[in-house]
Amino acid sequence: SAGFIKSPLSQKRLTQDSVELHCEAIGNPIPEIQWWFEGNDPNETYAQLWDGAWQDRVKINATYNLHSTSTIHITNLTSDDSGMYECRASNDPDRNHLSKSPKVKWIRSQANVFVIERPDVKTEFTGVPGKLVLSCNMTAPSLPIEGHEWMHGDKVLQTDTESGAFTSYTIEGKMEEHSGVYECVYKTSPVIKAQVTISVAPQVTAYKKSEHGNEGDTGVLTCKNPSFPPVSSWFWYKNGQEVSAPIVNGSGRYIIKSSGNKTELRILKLNIEEDAGDYHCNATNSFGTGGATINLRVRSRLAALWPFLGIVAEVLVLVTIIFIYEKRRKPDEVPD
């Protein structure tokens, strides 16, 4: 059998991060793969790892099809996890026998993992009228810094090549318009990241402030919340009803679908008399509440026919006038 580790043979990680190593082996019959670990302590010897080891921080997934593949994943790394990780492969029938020695030795491949203590990064944001300043400050940096990046989701907002432990990013505008999770990234090896969170009460907006529907059809009203943190609960009210009497999902002709930062109220078989009016969507998160109002107008089913009937009436009047004019007009004189 032949075994080899496909992951980099030397990796640096920070404490609390995770690491993943991948190993493959080829042979006939298909070889077994085992994972072993030897720490940096001079007195430490190799010990076999198994799925669920180290307080369930070790996960091993193996497949044995045309050839053997195995992946070891270790989460929440500590400095004690630094050391040599060894992938062993063998297809000898006596490979796991307690007394017999295998005819073929285990094929081995190794990867060295260095776990570095994660430096502390202090984050904060300050707000002045029309401006927000986000900052990160790494205390006692132990790794060379080659620059910084500020990110919001997958979007890079700012980048530089400065080597300082302090970095900041300025946002023009109100806090309510720029809530969310921002990330400062230190260009080190490995990369160090920290998050700055701007949280506000829900800033609810209606998809449309005025909706129209035909009598008998289904009316759909939608509200969304683009701010952070996400909404924990949504409520709908009609025509300024008391907060204690919200619309209940599934009651009457109402269906409510809410997921995260979006909610939708569906009204089945619209009725001109009962359903027209203002509807209010209210959202709540850990920082407060917010809401929006949507006006629903319900039209008669015959409303779409009125323009057509008007055109028909105009044509009839025009034809009638032409007919009467033709009947009353004197006949032209017959030429000699």
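Look up a bit, the structure's there.
Residues numbered from 1 in each chain as written. Predicted model: local features only at pLDDT ≥ 70, side-chain atom pairs only at ≥ 80, totals over all residues. Heavy atoms only, no water.

Participant: What exactly am I supposed to notice about the overall build of the protein chain here?
Facilitator: The helix and strand inventory of the protein chain stands at 3 helices and 24 strands. In terms of overall size, the protein chain is more extended than a compact globule, its C-alpha atoms giving a radius of gyration of 36 Å where 336 residues would be expected to give roughly 20 Å. Seen along its three principal axes, the alpha-carbon backbone of the protein chain occupies a region of about 130 × 60 × 60 Å. Across the 336 residues of the protein chain, 36% fall into the buried class. Put simply, of all contacts in the protein chain between residues at least 6 apart along the chain, 61% involve residues at least 24 apart. Put simply, the protein chain shows about 20600 Å² of open surface, and 53% of that area lies on carbon and sulfur atoms. Across the protein chain, the 34 positively charged side chains and the 40 negatively charged ones have centroids separated by 5 Å. (Helix = DSSP H or I, 4+ residues; strand = E, 2+ residues; numbered from the N terminus. Rg over C-alpha atoms; globule rule 2.2 N^0.38 Å. Buried < 20%, exposed > 50% of the residue type's maximum accessible area, 1.4 Å probe, protein only. Contact = heavy atoms within 4.5 Å. Areas by Shrake-Rupley, 256 points an atom, 1.4 Å probe, with all protein chains shown as cover. Lys, Arg positive; Asp, Glu negative; His and termini not counted. Charge placed at Lys NZ, Arg CZ, Asp CG, Glu CD.)

Participant: Any chance you could explain the packing of aromatic side chains here in plain terms?
Facilitator: Aromatic ring pairs are described here by two measures, namely the spacing of the ring centres and the angle between the planes. Counted by the stated rule, this structure contains 4 aromatic pairs. With 5.1 Å between their ring centres and 85° between their planes, Phe-37 and Trp-54 make a pair best called edge-to-face. With a gap of 17 residues between them, Phe-37 in strand S4 (residues 32-39) and Trp-54 in helix H1 (residues 53-56) connect regions that are remote in the sequence. By relative accessible area, which is 4% here, Phe-37 ends up buried. Taking relative accessible area as the criterion, Trp-54 reaches 26% and is therefore assigned partly exposed. Between Trp-150 and Tyr-169, the ring centres sit 6.2 Å apart and the planes meet at 25°, which makes this aromatic pair stacked. With Trp-150 in strand S12 (residues 148-152) and Tyr-169 in strand S14 (residues 166-172), this pair connects stretches of sequence that are 19 residues apart. No difference in accessibility class separates Trp-150 from Tyr-169, as the two residues are buried. Members of the aromatic cluster, connected to one another through ring pairs, are Phe-37, Trp-54 and Tyr-85. (Phe/Tyr/Trp six-rings, centres within 6.5 Å; stacked < 30°, edge-to-face > 60°.)

Participant: Quick question: what am I supposed to make of the pairing of strand S7 (residues 68-74) here?
Facilitator: Successive side chains on a regular strand alternate, one facing one side of the sheet and the next facing the other. With respect to burial, S7 is a largely interior element, 6 of its 7 residues being buried. Inspection of the sheet shows strand S3 (residues 19-26) paired to S7 by 7 bridges, in the antiparallel sense. Bridging from a neighbouring strand, Cys-23 pairs with Ser-70 of S7. Bridging between strand S6 (residues 58-64) and S7 involves 7 bridges; their strand directions are antiparallel. Across the sheet, Ile-60 pairs through a bridge with Ile-72, a residue of S7. The hairpin turn running from S6 into S7, its antiparallel successor, is 3 residues long. (Pairing = 2+ DSSP bridges.)

Participant: I keep staring at the sheet that holds strand S18 (residues 210-214) and nothing clicks. Help me out?
Facilitator: Paired through their backbone hydrogen bonds, the strands of a sheet run either parallel or antiparallel. Taken in spatial order, the 4 strands make up an open sheet running S18-S24-S23-S20, and their pairing is mixed. Edge positions in the open sheet fall to S18 and strand S20 (233-238), since each of these has one partner strand only. Neighbouring strand axes in the sheet, compared pairwise and without regard to direction, differ in orientation by 25° on average. Bridging between S18 and strand S24 (residues 288-299) involves 5 bridges; their strand directions are parallel. Paired with Glu-211 across the strands is Leu-296, a residue of S24. (Axes fitted to C-alpha atoms, helices over the stretch in contact; angles between N-to-C directions.)

Participant: Can you help me understand the side chain of Thr-15 in this one?
Facilitator: Considering the arrangement of structural elements, one finds Thr-15 in the loop between strand S2 (10-14) and S3. Note on Thr-15: relative accessible area 8%, which makes it buried. A distance of 3.0 Å separates a polar atom in the side chain of Thr-15 from the backbone nitrogen of Arg-118. Once you skip the residues sitting within four places of it in the chain, Thr-15 turns out to touch Leu-77, Thr-78, Ser-79, Val-115, Ile-116, Glu-117 and Arg-118. (Polar contact = N/O pair within 3.5 Å; in protein donor to acceptor, adjacent residues only side chain to side chain.)

Participant: Please explain the sheet that holds strand S13 (residues 155-160) as it appears in this structure.
Facilitator: Taken together, the 4 strands give an open sheet; going across it, the order is S13-S12-S15-S16, and neighbouring strands pair in antiparallel fashion. Each end of this open sheet is capped by a strand with a single partner; those strands are S13 and strand S16 (192-198). Ignoring strand direction, the axes of neighbouring strands in this sheet form an average angle of 20°. Inspection of the sheet shows S12 paired to strand S15 (residues 180-186) by 5 bridges, in the antiparallel sense. Of the residues in S15, the one forming a bridge with His-148 is Tyr-186.

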